[in-house]
Amino acid sequence: MTPVGTVLYVHFGGCAEERYPELLGLLADITPVVQALPPDAALADVRGALRYFGRTAVELAEVIALRAAAHHGVQCTVGAGGNPLLARMAAQDGPPGRVRSVPDDPGDVAAFLADKPVAALHGVGPATARALGTYGLHTVGRVAAASPVTLQRILGASAARRVQARAQGSDPTPVVPSAPARSAAAEHRFGRDELDQELRRRALLTLADGLGFRMRRDGQVARALTLTVRYADRSTTTRSRTLPEPTAHTPALTALAYALHDALGLQRARVRSLALRAEDLTAAGLAARQLSLDPGEERARRAEAAADRARHRFGAGAAHPAGAFPPLDDAA
């Protein structure tokens, strides 16, 4: 069998956005060269993993798909190829939930690409595809075989070289290790311009609780919070403050959110929405936490952990702080 390249394109199906950091961690167990493509995909260069695991790229792709299904209930579509372009196109060459590959042999690559519409090439937008189609260059094979001079007249020199190289299966783009964004945000929009401070505080409690739950679920903590207030005239005010220590504990997040809000003195302001962003996220295991001698705080953390378990099992409406707005599916 002709060997397959060393790049995997992984598209996570189902509830991938909710578990995206965990799914990236699953890829990181195979190779450190993982490029996040939020919200639900990633590229992985497995060149160094082939010898370590004693498996081919396709076999590693099958391991990834199996682990994603077994541990996270997520169905993956994985493409394997010699570069990011071919890996992407292999993944997209059929129904979801499969592992597909493009062999390294140039003849096999040309045959794989030949009859595909030129718009299927990653980086070729609708306008470029229409311009090529005007000259009868509707398929990747025709673009690959076209005269470079003809393509330059249609697209210009730089774009012509890039598009023809991709049509011939060439993509020098490296897989660059990256991580998802180091922040998480949530917003509450009021049904009308809100003057009531207590309702605004309820909204902040709801936002802080939601962010805290997401961070605890993903094994992360925040070092700072940012509050953005949008008013009836569409103007905004933004304030940020560092937390006393990195945390995902809802009471700590709520206390800082209240402090940011109260410091603005919005007694008569007509507020249209509130947004809260947890900043500078880091892995909980890497953040130092001061030991508390307050038994009340320890009880609160144990109760929070129990509530999290109930949410994981029964949904968001299973537990939430008194005073917070109920989840939409629980609202009367």
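Rules of the game
- Residues numbered from 1 in each chain as written.
- Predicted model: local features only at pLDDT ≥ 70, side-chain atom pairs only at ≥ 80, totals over all residues.
- Heavy atoms only, no water.
- Pairing = 2+ DSSP bridges.
- Helix = DSSP H or I, 4+ residues; strand = E, 2+ residues; numbered from the N terminus.
- Axes fitted to C-alpha atoms, helices over the stretch in contact; angles between N-to-C directions.
- Contact = heavy atoms within 4.5 Å.
- Buried < 20%, exposed > 50% of the residue type's maximum accessible area, 1.4 Å probe, protein only.
- Core = buried A, V, L, I, M, F, W, Y, C linked by side-chain atoms within 4.5 Å.
- pLDDT = per-residue confidence, 0-100.
- Expected span 1.5 Å × (residues − 1).
- Polar contact = N/O pair within 3.5 Å; in protein donor to acceptor, adjacent residues only side chain to side chain.
- Salt bridge = Lys/Arg side-chain N within 4 Å of Asp/Glu carboxyl O.
- Parallel < 35°, antiparallel > 145°, perpendicular 65-115°, else oblique.
- Left-handed = near helix turned anticlockwise from the far one by under 90°.

**Observations regarding the sheet that holds strand E4 (residues 76-81)**
What holds strands together in a sheet is hydrogen bonding between their backbones, with the strands either parallel or antiparallel.
Then, number 1: Pairing in this open sheet of 5 strands is mixed, and the strands run E2-E3-E1-E4-E5 from one edge to the other. Every interior strand has two partners, whereas the edge strands, strand E2 (34-37) and strand E5 (99-101), have only one. Taken over all neighbouring pairs, the strand axes of this sheet differ in orientation by 15° on average, direction set aside.
Then, number 2: Note that E2 and strand E3 (residues 41-45) share 4 bridges and pair antiparallel. Counted as the bridge partner of Gln-35 is Leu-43 from E3.
Then, number 3: The sheet contacts of helix H3 (residues 57-72) involve strand E1 (7-12), E4 and E5, and relative to E5 the element is tilted by about 160°.
Then, number 4: Along the sheet face, helix H4 (residues 84-91) touches E1, E2, E3, E4 and E5 and points at about 140° away from the line of E4.

**Details of unusual backbone geometry**
Then, number 1: We note that Arg-234 has phi near 75°; this positive angle belongs to a residue other than glycine.
Then, number 2: Mapped onto the elements of the fold, Arg-234 is located in the loop between strand E7 (220-231) and strand E8 (236-247).
Then, number 3: Its relative accessible area of 65% is what places Arg-234 among the exposed residues.
Then, number 4: Despite not being glycine, Asp-280 shows a phi value in the positive range, around 55°.
Then, number 5: Tracing the backbone shows Asp-280 in the loop between strand E9 (271-279) and strand E10 (282-283).

**Some details on the nonpolar core**
Most often, soluble globular proteins have nonpolar side chains that are buried together.
Then, number 1: Counting residues in hydrophobic clusters, the biggest one holds 32 residues, and the most contacted among them are Leu-227, Val-229, Leu-274 and Leu-276.
Then, number 2: No other element matches helix H10 (residues 197-218), which puts 7 residues into this core.
Then, number 3: Core analysis: the second largest hydrophobic core is formed by 27 residues, Phe-12, Ala-44, Ala-61 and Val-74 among them.

**With respect to the pairing of E8**
Then, number 1: Pairing of E7 with E8 involves 8 bridges; the strand directions are antiparallel. Across the sheet, the residue bridging to Leu-227 is Arg-239, located in E8.
Then, number 2: Following E7, the chain reverses through 4 residues before pairing antiparallel with E8; Arg-234 in that reversal takes a positive phi of roughly 75°.

**With respect to the confidence of the model for the chain**
Then, number 1: The pLDDT averaged across the chain works out to 87; a share of 89% of its residues lies at or above 70.
Then, number 2: Note that pLDDT drops below 50 for residues 328-332; the model gives that stretch 2 contacts with residues more than four away or on any other chain.

**Quick look at H10**
Then, number 1: Over its 22 residues, H10 extends 32 Å from the first C-alpha to the last, a length consistent with the 32 Å expected when each residue adds 1.5 Å.
Then, number 2: Two to three positions downstream of the cap, the backbone nitrogen of Glu-198 sits 2.8 Å from a side-chain oxygen, assigning the N-cap of H10 to Asp-196.

**Regarding the pairing of E3**
Then, number 1: For E3, the tally of buried residues reaches 5 of 5 residues, placing the bulk of the element in the interior.
Then, number 2: Side chains of E3 alternate between two faces, with Ala-41, Leu-43 and Asp-45 and Ala-42 and Ala-44 buried alike.
Then, number 3: Pairing of E1 with E3 involves 5 bridges; the strand directions are antiparallel. Residue pairing across strands places Leu-8 opposite Ala-44, the latter belonging to E3.
Then, number 4: Where E2 folds back on E3, the antiparallel hairpin that results is connected by 3 residues.

**Brief notes about the pattern of salt bridges**
Then, number 1: One pass over the full model with this rule turns up 10 salt bridges.
Then, number 2: Bridged by salt links that share partners, the residues Asp-193, Arg-270 and Arg-272 form one connected network.

**Remarks on the packing of helix H1 (residues 20-28) against H3**
Then, number 1: It is at 10 Å that the axes of H1 and H3 come closest, and there the two elements cross at 140°. Between H1 and H3, the angle is such that the two are oblique. As H1 runs across H3, the sense of the crossing is right-handed. Of the residues in H3, those touching H1 at Glu-22, Leu-23, Leu-26 and Leu-27 are Ile-64, Arg-67, Ala-68 and His-72.

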